[in-house]
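Geometric and topological summary
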Amino acid sequence: MALTDSSSGRILRDYTIEELRDAANLMRGYDLVALCAAGSGHAGGTLSIMDIAAALYLKVANHDPRNPDWKDRDRIIWSTGHKAPSLYLGLAFAGFCGLEDVVTLRKLGSPFQGHPHWLKLPGVEVSTGSLGQGLSIAVGMGLAAKMNNRRHKIFCIMGDGEQQEGQVWEAAMEAGHYHLDNVIAIIDCNRLQIDGWVRDVMTVEPLAAKYASFGWDVLRIDGHDMEQIVDSLEQARSVTRRPVLILADTVKGKGVSFMEDQANWHGKSPNHDELMKGLNELGLSERIPVQHLLDRAKHYQDEIDRKLEAAIPRFSRDYWWNAGDSMKVKMEPTRKGFGQSLAENGCDERVVCLGLDISGSITISDFYSGKPERRKRWISMGIAEQSATAAAAGLAKEGKLPVLGTYATFAAARNLDQIRTSVCYGNFNVLIAGAHGGVSVGPDGATHQALEDLFAMQGLPNMSVVVPCDIVETRKATTYLLLQHKGPKYIRFAREATPIVTDDKTPFVFGKANVIRLRREDPGFAEAFETVLASSYKNEHEDLSIVACGPMVPEAMRAAYILNEEFGYETRVLNLHTLKPIDMESIIRAAGETGVVITAEEHQIGALAWRVSGVLTESSELYGVPVITGAIGVKDRFGDSGAPWELIKEFEVSAEHIAQKAVELMRIKRSKPLHYEETVLTGQTVG
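Residues numbered from 1 in each chain as written. Predicted model: local features only at pLDDT ≥ 70, side-chain atom pairs only at ≥ 80, totals over all residues. Heavy atoms only, no water.

**Notes on the packing of aromatic side chains**
In the structure shown here, the tally under the stated rule is 17 aromatic pairs. Each ring, one from Tyr 88 and one from Phe 112, has its centre 5.2 Å from the other, and the planes form 75°; the classification is edge-to-face. In this pair, Tyr 88 sits in helix H4 (residues 84-94) while Phe 112 sits in the loop between H4 and helix H5 (134-147), placing the two residues 24 residues apart along the sequence. No difference in accessibility class separates Tyr 88 from Phe 112, as the two residues are buried. Judged by centre distance (5.2 Å) and plane angle (85°), the ring pair of Tyr 211 and Trp 216 falls under edge-to-face. (Phe/Tyr/Trp six-rings, centres within 6.5 Å; stacked < 30°, edge-to-face > 60°. Helix = DSSP H or I, 4+ residues; strand = E, 2+ residues; numbered from the N terminus. Buried < 20%, exposed > 50% of the residue type's maximum accessible area, 1.4 Å probe, protein only.)

Written out as structure tokens, the structure reads:
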């Protein structure tokens, strides 16, 4: 039936096969434009699945764009959430949303998030992004439909690399066991994932035999032959007593010659020249209003920029990074320091690295890059965080030094029970890298922004937690944790290029904070500050303290500069790179000697703030001493798509926001003078 008037049962439009082919081709063109306008995204998989998206949304699935919540509609779940642009274009062509609006893909505030969010866009059934979960959701929906005596179908789109997730097979078993003939799974078999060919990363075939063994009917088709696609989907609708799997053989990057069968186009978007070349190959150069769409995207972005600038705290001049003639800073992604350490120290025969499919992005592949003799100690585990974590425990038990890493939201959440039981309970020497932490992950959106991981990691007995501030400190921290520290350890670092504020001479001692003090305005930002071990620092009677970790350390330093220039305040910045074990002495001294403590974290408020507050409230040295506290961080919300530095502003974790909080607290302090030496409470304590 497809596009249906839910009130009358009338078909709104019935596409022919030829019209579907044309629609799929147009959808590919609009996909390229949206990705180009976004400047990020996933070209390869969105192009491979587009024919199936066109067939589902325009021909096969029963739904009503004027009544997205129609109870008898078919449900379409995109378990492979990074292919969201194909979902959005399916909805747009079906009439659920404006076609031209899709060009705001991945921009701040847009309903077209980097990974789909059902609360933001009508027609999106569920929020997805963490691979392997969609089929389980489909099982739940299938069971609910049976209970409610509904006859609609649940389509679930997955990738072939996604089959490496163990949860997929639990769901496959459940669907077969409960004879869910209302569940139709579709696997986009484009044979490639981020780390290369699926067969080389972690083979998943024979998928047909595996699903059949769980009681599924299995069909195999050419995923670019529209007649086969429609016929197989219609055939699947008629199967009874068994769930159906359609294996669709496709080409990653289909339709654009330089993208086809290229793994590097998995998570990449075309530039303008590549866009125009791709549209020309698709025969769409004259059919799509490219410049109009790009102008629309720019207008949207300009409005976002205006709103962000209007909301950010203002001072007498612009202190943003590299905005002035002095205080210039170099930036590099902190993740590169992780790779540098593994490259340098991987010669130790005990070191074994486990790849989890984003190896190049998080730089763990630097361990063996250019060093073929190390390949025997490189274990590709595919998209399988839980199994890899437990396997690392097994390697550690046998004397190896295992290292595994992925996005922090997957490295410390999806596999939390394995970390707790297999690693921490046994106190095994496993190094876990939580890469791409915090809101600065950017346009991938909430499912890929780790804003909760540090809660979990710090809550585990035996686990040590380090959050280095820049590329240099990340290299030092990785080297220490890898070769010297024994026991479970978690290192968290960012994706985006962030300021370099340390060098080889800057002290790094595990478990000990550094004090950073602004000494002067300088042509170079980092050179304007002096950094010493907190344990050797002598009190300079500063006005306030800012305690920070990770990428927020440079922001705290910039806040110290703003406060000095604008208000004459002297600020003690504590780089608390080790969150567990925490440097209690340095925190207590900072609180007692300055009377004001602000925590700054690129995380839900609490991973740092609550730890610091706990130290302050439990310290007998501070009993009776007024200490004013404040916290900067994410305020109990999920992330959002947007450019990394936009999100720093949007989530109010910039230096300007730290400085604003400092001014607020300093007003309180100045109204009621505080002295560390006094043991009698002189005013109301805030904190």
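**Some thoughts on the pattern of salt bridges**
Applying the stated criterion across every chain yields a total of 48 salt bridges. A cluster of three or more residues bridged by salt bridges with shared partners is formed by Arg 517, Arg 519, Glu 530, Glu 540, Glu 542, Glu 570, Arg 572, Arg 589 and Glu 593. (Salt bridge = Lys/Arg side-chain N within 4 Å of Asp/Glu carboxyl O.)

**Concerning the environment of Pro 313**
As for its placement among the helices and strands, Pro 313 is situated in the loop between helix H11 (290-311) and strand S8 (331-333). Classification of Pro 313 by relative accessible area gives buried; the value is 11%. For the pair Pro 313 and Leu 56, spaced 257 residues apart in sequence, the C-alpha to C-alpha distance is 48 Å.

**A look at the side chain of His 603**
Locating His 603 in the fold gives a position in strand S21 (residues 596-604). Within polar-contact distance, the side chain of His 603 engages the backbone nitrogen of Glu 452 at 3.5 Å. A polar contact of 3.1 Å, which involves the side chain of His 603, links it to the backbone nitrogen of Leu 454. (Polar contact = N/O pair within 3.5 Å; in protein donor to acceptor, adjacent residues only side chain to side chain.)

**Points about the side chain of Ser 545**
Here Ser 545 lies in strand S18 (residues 544-548). Under the relative-accessibility criterion, Ser 545 is labelled buried at 0%. Here Thr 594 takes part through its side chain, which lies 2.9 Å from a polar atom of the side chain of Ser 545. Apart from residues no more than four positions distant in its own chain, Ser 545 is found in contact with Arg 572, Ala 590, Thr 594, Val 596, Val 597 and Ile 598. (Contact = heavy atoms within 4.5 Å.)

**Quick notes on the sheet that holds strand S19 (residues 571-575)**
Spatial strand order, S17-S16-S19-S18-S21-S22: 6 strands in an open sheet with mixed pairing. Two strands bound the open sheet, and with one partner strand each, they are strand S17 (529-533) and strand S22 (628-634). Averaged over neighbouring strand pairs, the angle between their axes works out to 20° when direction is ignored. Looking at chain direction, S18 and S21 are connected through 4 bridges and run parallel. Opposite Val 547, over in S21, you have Thr 599 as the bridge partner. Seen against the sheet, helix H23 (residues 655-671) touches S18, S21 and S22 and runs at an angle of roughly 165° to S22. (Pairing = 2+ DSSP bridges. Axes fitted to C-alpha atoms, helices over the stretch in contact; angles between N-to-C directions.)

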